[in-house]
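In case you want the letters, here they are:
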Amino acid sequence: MNNDDPFDLDDLTPADHGTRAPAAPMQTTSGAPLANAQSEPDYLNGLNAPQRDAVLATEGPVLVLAGAGTGKTRVLTTRLGHLLATGRAAPWNILAVTFTNKAAKEMQERVMKVIGRPVEGMWIGTFHSICVRILRRHAELVGLSSNFTILDTDDQIRLLKQLIKAENIDEKRWPPRQLAGIIDRWKNKAQAPDQIPQGEGYAFANGMGGELYQQYQDRLKILNACDFGDLMMHVIKLFQHNPDILKQYHAQFRYIMVDEYQDTNTAQYMWLRLLAQGNKNICCVGDDDQSIYGWRGAEVGNILRFNKDYEGATIIRLEQNYRSTGHILAAASALISANEDRLGKTLWTDSGDGTPVTVKGVWDAPEEARDICTEIENLQSKSHSLEEIAVLVRAGFQMRELEERLIQIGLPYRVIGGPRFYERAEIRDAMSYLKVIAQPDNDLAFERIINVPKRGLGDTTVQKIHTLARAHGISMTRAARQITGLTTDDKTYKLTPRARTTLTRLMDDFDRWRGLSHSYSHTELAEMVLDESGYTEMWQADKSVDAPGRLENLKELVSGMSEFENLAGFLDHVSLVMENDSNTSDEKVTLMTMHGAKGLEFDTVFLPGWEEGVFPSQRSLDETGLKGLEEERRLAYVGLTRAKKNAHIYFAGSRQVFGQWQTSMPSRFIEELPEDHITVQSAQGLYGNTRNSGSSWGRDTSYESDSTWSGDKDWTAPEQNPSKYGPGWKRRESYDNYRPVRDRGIGSSITSSPLTPSLGRKKKKTTAAVSEFAVGERVFHDKFGYGVVEDVEGNKLLVAFEKAGTKRVMDQFITKG
DNA sequence: GGGAGATCGGTTTTT
DNA sequence: CCGATCTCCC
């Protein structure tokens, strides 16, 4: 921690603030003897001693250090159930905070299971959703009105862009995106514009950073809007300035529980401190070894410091792991022990050693992908469920190679991550229409759709409306209404007759829709609006490949709305819940980042790309040095501990980065794995095999120097792996009807065609007889016109179009020409 | 206002 | 090398 005391909670922070006394000894409660088994409630059955302690330690501050796979969620939910079942708390006396909506939902559901009946009234939610709930009640006290809107990142950036432009600052040199990042960082630390340090971000646009931040906040106030950071900050401010209100919440929230405490940022920490001052019944659950979000403001320090912040805290360690086998656990434990900044836990299991972690060196990324896929096919042939297999990468760019191979051999897979439902352009457009109806002064929403679909209201018109709005201090919708009625000849405001008619009609439409919103349900209204505004039509007319998918998404949006009582409720939900429940449950391999995998588990996990620069990521090292390295190592730990039975680590000798071949060294994390728990399989002639005669592989520190790795002479050509096109190939025919789906949640209707495999290696211009298209064949594409097939790769074709040039296209959009 | 070439940048992600 | 975004020109 660089900041010794960033948490000036002013006079509301009583005794515990400034307690810099030596840390209270970390006490690990031992399994306290309990009342006889008969009188014991069912929900305690099957808990191990520390788990039980954590459930029963209801009073005072408690930190539950829950290692990976130690039953954290079970403890959390059982504890909640226990509080309710024993009458210690009514549902509304409980505040349970999570980071994601998914976690909140799961918690809610599992508490019901614990106590066997539905529970209503608990305050279970994300930090942000709980803030919204509180803020809606007291909005006036922080200068908002209770129907404030919540901006997402896009809105935020558009607003900042306007401000930067208005200041005549070069957008190129000082991108709005960067400023958004800086402001977020300030907000993560709960620093208002008048509290920001002079250094770092302040320097944005030569010292304009602070000024722009202030302007941004001013604009938000006028817009009656908050960004995500504000939600936390406003509540903190509310509590700090209104002790009476804080007291009400103290009285209400008799028990506070926090999930993933290691991920809290400074603002969230302060927020919790304020709320926990009341009765000190705060129970934080987390794992310092799984803190992987430092880059977005999380402070591992919060969890490391818990017993200093909350005097007399009980610390309970959950160390019995129920997920992974012994070898995997030992490997992960050894790895993480290389970190300095940790409280320290020793995970153990009684489920046997299992199979050692494998570490495999391959020549390059394509081989890595081939090998992984071959292994997956082998597993599949032994009836290992694909649902229980995951490939976890450090960064998105590693996915392409894997995806290509998966498509090529027809293994069904799903990518987790990618653009989410509510972030898609069409959804945001549709939402903007609804927002303008429900929140007439929502300028950002209005600006987004004023000319979508194109209706001839371009920049000039918008600019005029803008100017009028500014001049009169009114919102843009109001200004738009006014401007159409102006009879002036003033060039600043005078619209072309055409624009005037169109704008009048648009404003009339909005008035009409607003009127109808009383007599129609919000779903009906949405349908009507999308239809009558010409928005649906716009996509129907669009010939591009993803237009049908977008229309599909719009339908999905409308049907999703029906779950909500009214439009306002729905809009709130969407601002906070940028998630989507994908319900495709076909057997698929999961492909995602290690970050995305936190909290999940799979029988078999593949971990490609363990190379210096990739993992640990060079950038992380450059930017945050040792701290960054330790976070990367925690990420490695997270990755490994996702595996229940098998973990396979890979590194490649060279890899294409931005189109350039680069040689790479195995990750230092590989060296840190204990020999006794790993099996090394390195290709003949590849590093390690030749150097260390296979014995002390991974112990040789010499490959920390470049020369060893890149300068190697006896690299023979990679052995042609006969199984490369093996099992998948044999199975080919039965897969002909299979459609691989790149599954990115609701409405990702980007479904590729029946598989058209290519024979032989990539780039080789041979085509299997089974392929629908052959190299050299003349084809037609709806958008690009006529062309000639140059290469076939699975269902992707490389086509040289006569007009459009050479492009990669999915064969489903191609017809024989 | 829209399409086409140039230009730039390129971890990780939730709310 | 690929894609997203921007600029320029019609």
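The structure displayed is predicted, hence computed values, not measured ones. (Residues numbered from 1 in each chain as written. Chains lettered and ligands numbered in written order. Predicted model: local features only at pLDDT ≥ 70, side-chain atom pairs only at ≥ 80, totals over all residues. Heavy atoms only, no water.)

### Some details on a negative patch on the surface
Here comes step 1: Judged by side-chain charge, Glu524, Glu527, Asp531 and Glu537 come together as a negatively charged surface patch.
Here comes step 2: Among the elements that take part in the negative patch, helix H22 (residues 522–532) stands out by supplying three residues, more than any other.
Here comes step 3: Checked against the element boundaries, Asp531 lands in helix H22.
Here comes step 4: Its relative accessible area of 53% is what places Asp531 among the exposed residues. (Patch = residues over 30% accessible without salt bridge, like charges linked within 9 Å, V, L, I, M, F, W, Y side chains within 5 Å. Areas by Shrake-Rupley, 256 points an atom, 1.4 Å probe, with all protein chains shown as cover. Salt bridge = Lys/Arg side-chain N within 4 Å of Asp/Glu carboxyl O. Lys, Arg positive; Asp, Glu negative; His and termini not counted. Charge placed at Lys NZ, Arg CZ, Asp CG, Glu CD. Helix = DSSP H or I, 4+ residues; strand = E, 2+ residues; numbered from the N terminus. Buried < 20%, exposed > 50% of the residue type's maximum accessible area, 1.4 Å probe, protein only.)

### Section: the sheet that holds strand S8 (residues 314–318)
Here comes step 1: Strand order in this open sheet of six strands is S3-S2-S6-S7-S1-S8, and the pairing throughout is parallel. Two strands close off the open sheet at either side, each with one partner strand: strand S3 (123–126) and S8. Within this sheet the neighbouring strands show an average axis-to-axis angle of 15°, counted without direction.
Here comes step 2: Here strand S6 (residues 255–258) pairs with strand S7 (residues 282–286) via three bridges, running parallel. Within S7, the position partnered with Val258 by the bridge is Cys284. (Pairing = 2+ DSSP bridges. Axes fitted to C-alpha atoms, helices over the stretch in contact; angles between N-to-C directions.)

### Here we look at the UniProt feature "binding site: ATP" (unreviewed entry) in chain A
Here comes step 1: The sites that carry the UniProt feature "binding site: ATP" (unreviewed entry) are, in the present numbering, Ala66, Gly67, Ala68, Gly69, Thr70, Gly71, Lys72 and Thr73.
Here comes step 2: Tracing the backbone shows Gly67 in the loop between strand S1 (62–66) and helix H2 (72–85).
Here comes step 3: Of the residues examined, Gly67 reaches a relative accessible area of 4% and is grouped as buried.
Here comes step 4: Every residue in contact with Gly67, bar those within four places of it in the chain, is listed here: Asp287, Gln290, Leu318, Lys345 and Leu347.
Here comes step 5: As for its position among the elements, Gly69 is in the loop between S1 and H2.
Here comes step 6: Ignoring anything within four residues of it in the chain, the contact list for Gly69 reads Gln320, Asn321, Tyr322 and Arg323. (UniProt positions renumbered as here; feature names shortened; annotations may be inferred. Contact = heavy atoms within 4.5 Å.)

### Quick notes on helix H4 (residues 127–138)
Here comes step 1: Between its first and last C-alpha, H4 extends 17 Å over 12 residues, near the 16 Å set by a 1.5 Å rise per residue.
Here comes step 2: Those residues of H4 that sit buried are Phe127, Ile130, Cys131, Val132, Ile134, Leu135 and His138. (Expected span 1.5 Å × (residues − 1).)

### So, the protein's contact with DNA strand C
Here comes step 1: Close to DNA strand C lie Lys161, Lys172, Arg400, Phe658 and Gly659.
Here comes step 2: Within 4 Å of the protein, the atoms of DNA strand C are drawn from sugar and phosphate moieties in a proportion of 57%.
Here comes step 3: The contact in question runs from a phosphate oxygen of DNA strand C to an N or O atom on the side chain of Lys172, over 3.4 Å.
Here comes step 4: Residues of the surface near DNA strand C, tallied by class, amount to one nonpolar, one polar and three charged. (Near = heavy atom within 4 Å. Polar contact = N/O pair within 3.5 Å; in protein donor to acceptor, adjacent residues only side chain to side chain. Nonpolar A, V, L, I, M, F, W, Y, C, P; charged D, E, K, R; others polar.)

### Notes on the domain arrangement of chain A
Here comes step 1: Looking at the assigned domains, one finds that chain A contains domain 1 (37–136 + 241–320), domain 2 (149–223), domain 3 (357–418 + 592–726), domain 4 (423–568) and domain 5 (778–816).
Here comes step 2: Using only C-alpha atoms to locate each centre, domain 1 and domain 4 end up separated by 43 Å. (Domains from an automatic or database assignment.)

### Comments concerning the packing of aromatic side chains
Here comes step 1: Per the counting criterion, the structure on display carries 19 aromatic pairs.
Here comes step 2: Ring centres 6.5 Å apart and planes at 35° place the aromatic pair Phe606 and Tyr650 in the tilted group. On the criterion of sequence distance, the pair formed by Phe606 in strand S13 (residues 602–607) and Tyr650 in strand S14 (residues 643–657) is long-range, its members being 44 residues apart.
Here comes step 3: Overall, the relative accessible area of 2% leaves Tyr650 in the buried class.
Here comes step 4: Ring centres of Trp610 and Phe615 lie 5.2 Å apart, and the angle between their planes is 85°; this geometry places the pair in the edge-to-face category. (Phe/Tyr/Trp six-rings, centres within 6.5 Å; stacked < 30°, edge-to-face > 60°.)

### Considerations on the packing of helix H21 (residues 497–516) against H22
For any two helices packed against each other, one specifies the crossing angle of their axes together with the interaxial distance.
Here comes step 1: It is the contact of H21 with H22, at a shortest axis distance of 10 Å, that shows an interaxial angle of 165°. On the basis of their axis angle, the class for H21 and H22 is roughly antiparallel. Pair H21 / H22 crosses with right-handed handedness. Here H21 contributes Arg512, Trp513 and Leu516 to the contact with H22, which in turn contributes Leu525, Met528, Val529 and Glu532. (Parallel < 35°, antiparallel > 145°, perpendicular 65-115°, else oblique. Left-handed = near helix turned anticlockwise from the far one by under 90°.)

### Regarding the pattern of salt bridges
Here comes step 1: A complete count under the given rule lists 42 salt bridges for this structure.
Here comes step 2: In this structure, the salt-bridge partner of Arg273 is Asp309, at a minimum N-O distance of 3.5 Å. Here Asp309 lies in helix H13 (residues 306–309) and Arg273 lies in helix H11 (residues 266–276), a separation of 36 residues in the sequence. Judged on exposure class, the residue Arg273 and its partner Asp309 are both buried.
Here comes step 3: A salt bridge links Glu388 to Lys644; the nearest nitrogen and oxygen atoms lie 3.6 Å apart. Of this pair, Glu388 sits in the loop between helix H15 (365–381) and strand S10 (389–393) while Lys644 sits in strand S14, and the two are 256 residues apart along the sequence.
Here comes step 4: Here the residues in one salt-bridge network are Arg323, Glu388, Glu601, Asp603, Lys644 and Lys645, joined through shared partners.

### A few points about unusual backbone geometry
Here comes step 1: Following Val452, the chain continues to Pro453 via a peptide bond in cis, the omega torsion being -5°.
Here comes step 2: Of note, Pro453 is situated in the loop between helix H18 (443–449) and helix H19 (459–472).
Here comes step 3: One non-glycine residue with positive phi stands out, namely Glu260, at about 50°.
Here comes step 4: Residue Glu260 is classed as buried on the basis of its relative accessible area, which comes to 18%.
Here comes step 5: A positive phi angle is found at Ser383, which is not glycine, with a value near 50°.
Here comes step 6: Inspection of the secondary structure assignment puts Ser383 in the loop between H15 and S10.

### With respect to the side chain of Ser432
Here comes step 1: Among the structural elements, Ser432 can be located in helix H17 (residues 425–438).
Here comes step 2: With residues up to four places along the chain from it excluded, the contact list for Ser432 reads Ala445, Arg448 and Ile449.

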